[in-house]
Amino acid sequence: MASLGELERSIMERLWSTTSALSAPELRDTLRDGELALTTIYTVLARLEDKGFVEHDESRPRRFRASASRAEHAASVMSDVLAHASDRDAVLTRFIDTVSAEEARLLRRLLRTRPEVLKPDKG
Amino acid sequence: MSAVAAALAVLAALLAWPVPALLRRARWPQRDPVVALLLWQSIGLSGGLSLIGAPLVYGLTPWGASFPAAMRALLTGTGDADPGLRYLVALVLAAAIAVRLLSVLLRSTVTIARVRARQRGLLATVASPGTDPRTLLVDVADLVAFCIPGDRPMIVLSEGLVSELDEAETAAVIAHENAHLTERHHLYLLPFVAWRQALPWLPGTNLAHTAVHDLVEMHADDVAARTAGRRTLAHALARTGAAAVPRGSLAVHAGPTTTRATRLLQDPRPLPPRVRLMMLASAAALLLAPTGLLLLAGK
């Protein structure tokens, strides 16, 4: 049995790949031979609505669509997550901190003027 | 005021500003981030202990000149039955500082765990598995890499980073993030995050937090460089930094990223064993000083 996380992903993949809204039974039928319980689908859809990824209309049965495109969701999650990193509050550690314009210039110069940087370590 | 309370107050004052300022300015931590990290931990712990200990011992003066003597007098019911107001104020202050430090530490631990869980959930939905089994890929053009530590650690890379860096550089970035996770760097940072929140008016707390943050990055660089190579990692750093979108930038000095890249390229020589030993001894002495003053002095 797949985790709820994996199901969330599969359902989002399905919703991102279509422009039309889909009902829970329609979603079930497109997922892994329709073997999942409808209640499971509704649970996952409710979780996705809580996270702001999905919205539904008022038809019966309710039909669901992605609230934004895949790229828009990815961008908004990233900026949400990284907003917590900006004040260095130990929630996550970034490979590099936000870089000032001056520092970006310094780093570009480092890459230009130190050609040995470009050499691989071995061979 | 008893000599013990005075000594603890002096120690607390030294650790609140001059010692952190000195260590932050020193050059040697770049050469041995691990020893420097240990020293910062003991500065933090010793600072907290003496900050609580000074008013505590002072407040207990009516019962005895030292902590053990006062406790003995309190337990046996001897000593001054009517302590002056200033001693009671000192005792309340000691309790307030202790409660504040511990409660903020507890609260940030809980808050951070909650935020992490929420972010893991959001990322798991929009990310796809990367080629490396430990990583997730998010489809954004910016060059971004980070890890979320905790029960279910997660390394996240952006598609932009993976397509801009070559394979060896991407592996170096993953090795760096993986080092944060295996070395449990978030635990080194946690007390400093909490103390900066608890005592924002102490300049040393902000300084210590920034220093520990930078040292943890350097340590992860060192661990990653062992497998990925120093130049490859330096290159990954420089390219990621050079491509970063500058935001709110006023700083005109070399930031931590440049320092890290230069440091990797220059490969600073390790600290001489004598200096290393001296620093480790200082870390131990810093921890023993307030403990000794509290428990042993004036027995």
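See the structure above.
All values derive from a computational prediction rather than experimental measurement. (Residues numbered from 1 in each chain as written. Chains lettered and ligands numbered in written order. Predicted model: local features only at pLDDT ≥ 70, side-chain atom pairs only at ≥ 80, totals over all residues.)

Help me out: how do you make sense of the overall build of chain A in this one?
The secondary structure content of chain A amounts to five helices and four strands. N-terminal to C-terminal, the α/β element order of chain A is α-β-α-α-β-β-α-β-α. Burial analysis of chain A (123 residues in total) assigns 29% to the buried set. Counting contacts in chain A only where the partners sit at least 6 residues apart, residues at least 24 apart contribute 42% of the total. (Helix = DSSP H or I, 4+ residues; strand = E, 2+ residues; numbered from the N terminus. Buried ≥ 20, exposed ≤ 12 C-beta atoms within 10 Å, placed from the backbone. Contact = placed C-beta atoms within 7 Å.)

For this particular structure, what's the right way to read the overall build of chain B?
Broken down by element type, chain B carries 12 helices and four strands. Counting only C-alpha atoms and orienting by the principal axes, one finds that chain B spans roughly 75 × 45 × 35 Å. Sequence-distant contacts in chain B: of pairs separated by 6 or more residues, those separated by 24 or more amount to 73%.

Whenever I open this one, the interface of chain A and chain B confuses me. Can you help?
It is common to give the size of an interface as the accessible area that goes away when the parts come together. Facing the 47 residues of chain A at the interface are 54 residues of chain B. Listing elements by their share of the side of chain A that touches chain B, those giving two or more residues are α1 (4–16), α4 (70–83), β4 (93–94) and α5 (101–113) of chain A. Considering each element in turn, the side of chain A that touches chain B owes the most residues, 10 residues, to α4(A). Broken down by class, the residue content of the side of chain A that touches chain B amounts to 25 nonpolar, six polar and 16 charged. Inspection of the sheet shows β4(A) paired to strand β3 (residues 145–148) of chain B by two bridges, in the antiparallel sense. (Nonpolar A, V, L, I, M, F, W, Y, C, P; charged D, E, K, R; others polar. Pairing = 2+ DSSP bridges.)

Honestly, the nonpolar core in this entry has me stumped. Any pointers?
Among soluble globular proteins, nonpolar side chains are generally buried collectively. By size, the foremost hydrophobic cluster in this structure holds 99 residues, and its most contacted members are B:Val57, B:Val173, B:Val212, B:Ala224 and B:Leu233. The biggest single contributor to this core is helix α3 (residues 33–59) of chain B, with 13 residues. Not counting the four nearest positions on each side in its chain, B:Val212 is found in contact with B:Leu37, B:Trp40, B:Tyr188, B:Leu189 and B:Phe192. Judged by nonpolar contacts, the second largest core, of 15 residues, contains A:Leu27, A:Leu48, A:Val54 and A:Phe64. (Core = buried A, V, L, I, M, F, W, Y, C linked by C-beta atoms within 7 Å.)

Got a minute to help me understand unusual backbone geometry in this structure?
A negative phi holds for most residues other than glycine; trans holds for most peptide bonds. Geometrically, the link from A:Arg60 to A:Pro61 is a cis peptide bond, its omega value of -5 degrees lying close to zero. Unlike most non-glycine residues, B:Arg184 shows phi in positive territory, near 50 degrees. The residue B:Arg184 is located in the loop between α7 (167–182) and α8 (185–198) in this model. With phi around 50 degrees, B:Asp267 is a residue other than glycine that occupies positive phi space. On the secondary structure map, B:Asp267 appears in the loop between α11 (256–266) and α12 (273–295).

Would you explain the pairing of strand β4 (residues 154–158) of chain B in this entry?
Residue and element names in this part refer to chain B. With five of five residues buried, β4 is to be regarded as a mostly interior element. The two faces of β4 match: Met 154, Val 156 and Ser 158 on one face and Ile 155 and Leu 157 on the other face are all buried. Where strand β2 (residues 135–138) and β4 come together, four bridges link them in parallel fashion. Of the residues in β4, the one forming a bridge with Leu 137 is Leu 157. As defined by bridge partners, β3 adjoins β4 across four bridges and the pair is classed as antiparallel. Within β4, the residue paired with Cys 147 across the bridge is Ile 155. Hairpin connection from β3 to β4: five residues lie between these consecutive antiparallel strands, with Gly 150 at a positive phi of about 125 degrees.

It is not clear to me how the environment of B:Gly48 should be interpreted in this structure. Could you clarify?
Mapped onto the elements, B:Gly48 comes out in helix α3. Residue B:Gly48 is classed as buried on the basis of its C-beta count, with 22 C-beta atoms lying within 10 Å.

Could you clarify how one ought to interpret the sheet that holds strand β3 (residues 63–66) of chain A in this entry?
Pairing between the strands of a sheet is mediated by backbone hydrogen bonds and can be parallel or antiparallel. Residue and element names in this part refer to chain A. Taken in spatial order, the three strands line up as β1-β3-β2 in an open sheet, and their pairing is antiparallel. Where the open sheet ends on each side, the last strands, each with one partner, are β1 (22–23) and β2 (54–56). By the bridge criterion, two bridges tie β1 to β3 in an arrangement that is antiparallel. Among the inter-strand pairings, Ser 23 is bridged to a residue of β3, identified as Arg 63. Here α1 sits on the sheet and contacts β1, β2 and β3; the angle it forms with β3, its principal contact strand, is near 85 degrees. (Axes fitted to C-alpha atoms, helices over the stretch in contact; angles between N-to-C directions.)

What exactly am I supposed to notice about helix α3 (residues 38–50) of chain A here?
Residue and element names in this part refer to chain A. An ideal rise of 1.5 Å per residue puts 18 Å on 13 residues; α3 measures up with 18 Å between its terminal C-alpha atoms. Looking at α3, one finds that the buried residues are Ile 41, Val 44, Leu 45 and Leu 48. Seen end-on, α3 carries its buried residues on one side only, within an arc spanning 100 degrees. When the buried face of α3 is taken as reference, the exposed residues oriented beyond 90 degrees from it are Thr 39, Ala 46 and Asp 50. In the core, the buried residues of α3 are packed alongside α1, α2 (24–30), β2 and β3. Among the residues trailing α3, Gly 52 stands out with phi positive, at a value near 85 degrees. (Expected span 1.5 Å × (residues − 1). Arc of directions from axis to C-beta.)

Functional significance is not addressed by these values, which are geometric in nature.
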